[in-house]
Amino acid sequence: MCKLNIRQFPAVLVRTSRAKVKHTPSASAHRNYFQRGTSVTMGLSSWMTAVLVMVTMATVDLVHGAPNIIILMGDDVGFADYEINDPAMRTPANTALAQKGLTLNQSYTLQTCTPTRTALLTGRYSYKLGMQLGKIKGTYLRYVPVEPKLLPASLKDLNYTTHAVGKWHLGFCDWKLTPRYRGFDTFYGFFSGAQGYFNHSGTGTPSFDFRDNGRVAWENKGLYSTELHTTRVQEIIRGRKREPFFIYMAYQNAHSPWEAKQSYIDDYCSHVQGEKRRIHCAMVAAMDESIKNITDTLDEEGIADDTILLVLSDNGGPLGYGSYNWPLRGGKSSFWEGGLRSHTVFVHPKWVVNPGTTWDSLIHVTDWYPTLYKAAGGNPSDLQEMDGIDQYWKLIKGKQGTRDRVVLNIDDKRGRSAVRIGDMKLLTGKPCHNSLTSGAPAPPDMEAAGTANSFVVRIQDVPEKQLFNVRQDPRERNNLIDDPQYAEILRELEDFRDYEIENNLVPFPANIPKAKEGKPEFYSGAWSPGWCCAG
């Protein structure tokens, strides 16, 4: 076992290192300085004073010019779990944000929690890090490698304060895998992938999991996690310092277990057909209310116009449990569009040229790292080993995006893959595990109203190789694999896939060991780091 250096974390510090000020003072800053009548023939001390003044001015420009950034990421929230796609749902805050910003209609994540979080925070394809599948659970010795520099660490280089709230799920067996060792100044949430919303524990053996920075927050037992997380985000906003802030709010909603406060059911979802859908509706409504409370706080503090908001889900909704992805096919864990495509909203007040519109270009979750880094004033070319593409200016100007191809994932364990070039998507192997996720069930209220129709396909009837034009055929019904007019693009897609498999795939481990030393019973009943030595 490692000898860990568990240290006390200082309060968030004001970052003033000149080495981190990468921006040149603006032209107006130069003019203002020289308009003061400074002599061209300065002495050494005068010149050094001038340099210090200019560096200070650059720092001020950076601090006051860089936007705050908040990522609001839902968990297992399906494409049809928003009122824009199913009118029975109640998500007015999401709808209001879409009117202020852009709805991204071709926005991809990955099929489950950990692969998406890995891609978001590293800017790299998850299969290049061996994280194409999950399995960060319990005492499994599994975690995101320590080498990639995460997004919050890069934003700290630009003088941001950084805060993680909610679900982590990137590994915690070693302290250096946890948020405050990976670029976040503060952490308020849980390390694991799933737990009760009230008891903050898994099933069976007591396994409490709620941290306030390094401390186990036992006092939160019995309180609804969504409300706790929201309050902490509001406190961060109200207590902000001079620097811009980055908040990564990873909601627990609407992951299992399916627990909602009765008030959310009564106030928002009592009309919804089906008990599972009704509870799921209430969990999503709780998340939406949280978004409203956070945006209201930004308004109250007078910084809404200076804050970027990115709202997305980590993957498609899990079918059979009250979530729907209609009209997309499939759900969570599948490589169909319903497992990979996220309803996404991007808001950048005063900068987005055409608010209230849909941006229809291809964007992948890896793109958010360089895109937000650019928005923060950084130069994406300084970032190392990025698979993500900076699309900042394309987004805010409403122009055609830069990305023309994407590896949606490579699952070497199950022998399946999904790649897209332009509008064409190639699926190899079975995209899903069962017949339920082979089709596209419609939300019950829409089906009853005749505004949507379901379809089901038996898993044994799904071909091993499929080609779709997913822009024209988002439901993935018309397999073009044998159409000769697509032979050239098919070869290009196969070459793209094969190159990545041969050159960049880190195989998923055949066996993942467990460490009994990590059991909560050895840590007073709480999940705690300190039982592995991360490489």
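Thresholds, definitions, all that
Residues numbered from 1 in each chain as written. Predicted model: local features only at pLDDT ≥ 70, side-chain atom pairs only at ≥ 80, totals over all residues. Heavy atoms only, no water. Buried < 20%, exposed > 50% of the residue type's maximum accessible area, 1.4 Å probe, protein only. Helix = DSSP H or I, 4+ residues; strand = E, 2+ residues; numbered from the N terminus. Contact = heavy atoms within 4.5 Å. Core = buried A, V, L, I, M, F, W, Y, C linked by side-chain atoms within 4.5 Å. Patch = residues over 30% accessible without salt bridge, like charges linked within 9 Å, V, L, I, M, F, W, Y side chains within 5 Å. Areas by Shrake-Rupley, 256 points an atom, 1.4 Å probe, with all protein chains shown as cover. Salt bridge = Lys/Arg side-chain N within 4 Å of Asp/Glu carboxyl O. Lys, Arg positive; Asp, Glu negative; His and termini not counted. Charge placed at Lys NZ, Arg CZ, Asp CG, Glu CD. Pairing = 2+ DSSP bridges. Axes fitted to C-alpha atoms, helices over the stretch in contact; angles between N-to-C directions. Phe/Tyr/Trp six-rings, centres within 6.5 Å; stacked < 30°, edge-to-face > 60°. Lys NZ or Arg CZ within 6 Å of the ring centre and 35° of its normal.

### Some details on helix H4 (residues 113-122)
Here's step 1: Among the 10 residues that make up H4, 10 are buried, leaving the element largely enclosed by the rest of the structure.
Here's step 2: Those residues of H4 that sit buried are Cys-113, Thr-114, Pro-115, Thr-116, Arg-117, Thr-118, Ala-119, Leu-120, Leu-121 and Thr-122.
Here's step 3: The inward-facing, buried residues of H4 abut strand S1 (68-74), helix H5 (151-156), strand S4 (161-167), strand S8 (245-250) and helix H10 (368-375).
Here's step 4: Just beyond H4, the residue with positive phi is Gly-123, at close to 75 degrees.

### Quick word on the nonpolar core
Here's step 1: Counting residues in hydrophobic clusters, the biggest one holds 54 residues, and the most contacted among them are Ile-71, Phe-246, Tyr-248, Phe-346 and Trp-368.
Here's step 2: Only S1, strand S2 (102-104), H4, H5, S8, strand S9 (307-313), H10 and helix H11 (392-397) provide two or more residues apiece to this core.
Here's step 3: Counting residues per element, this core draws most heavily on H10, which supplies five residues.
Here's step 4: With sequence-adjacent residues up to four places away left out, Trp-368 is seen in contact with Leu-104, Leu-120, Leu-310, Thr-344, Phe-346, Ile-363, Tyr-373 and Leu-395.
Here's step 5: Core analysis: the next-biggest nonpolar cluster, separate from the first, contains 49 residues, Leu-97, Val-165, Ile-247 and Ala-260 among them.

### Thoughts on a positive patch on the surface
Here's step 1: A cluster of basic residues, Lys-135, Lys-137, Lys-413, Lys-514, Lys-516 and Lys-519, forms a positive patch on the protein surface.
Here's step 2: By secondary structure assignment, the location of Lys-519 is in the segment after helix H13 (487-503).
Here's step 3: Since its relative accessible area comes to 38%, Lys-519 is described here as partly exposed.

### Focus on the sheet that holds strand S14 (residues 416-421)
Here's step 1: Ordered by their spatial adjacency, four strands build an open sheet running S13-S14-S15-S16, and the pairing between neighbours is antiparallel. In this open sheet, the two strands that pair with only one neighbour each are strand S13 (405-411) and strand S16 (465-469). When the angles between neighbouring strand axes are averaged without regard to direction, this sheet yields 10 degrees.
Here's step 2: Note: S14 against strand S15 (residues 424-428), five bridges, orientation antiparallel. Residue pairing across strands places Ala-418 opposite Leu-427, the latter belonging to S15.

### Brief notes about the packing of aromatic side chains
Here's step 1: Under the criterion given, the structure shown has 19 aromatic pairs.
Here's step 2: Aromatic side chains Phe-172 and Trp-527 sit 5.9 Å apart centroid to centroid with 80 degrees between the ring planes, which places their arrangement in the edge-to-face category. Pair noted here: Phe-172 is in the loop between S4 and strand S5 (186-190) and Trp-527 is in the segment after H13, with a separation of 355 residues, a long-range link.
Here's step 3: Residue classification places Phe-172 among the buried positions, given a relative accessible area of 5%.
Here's step 4: For Trp-527, a relative accessible area of 14% puts it in the buried group.
Here's step 5: Through successive ring pairs, a cluster of aromatic residues spans Phe-172, Phe-187, Phe-191, Trp-527 and Trp-531.
Here's step 6: The ring of Trp-336 has Arg-329 lying over it, and the distance from NZ or CZ to the ring centre is 3.8 Å.

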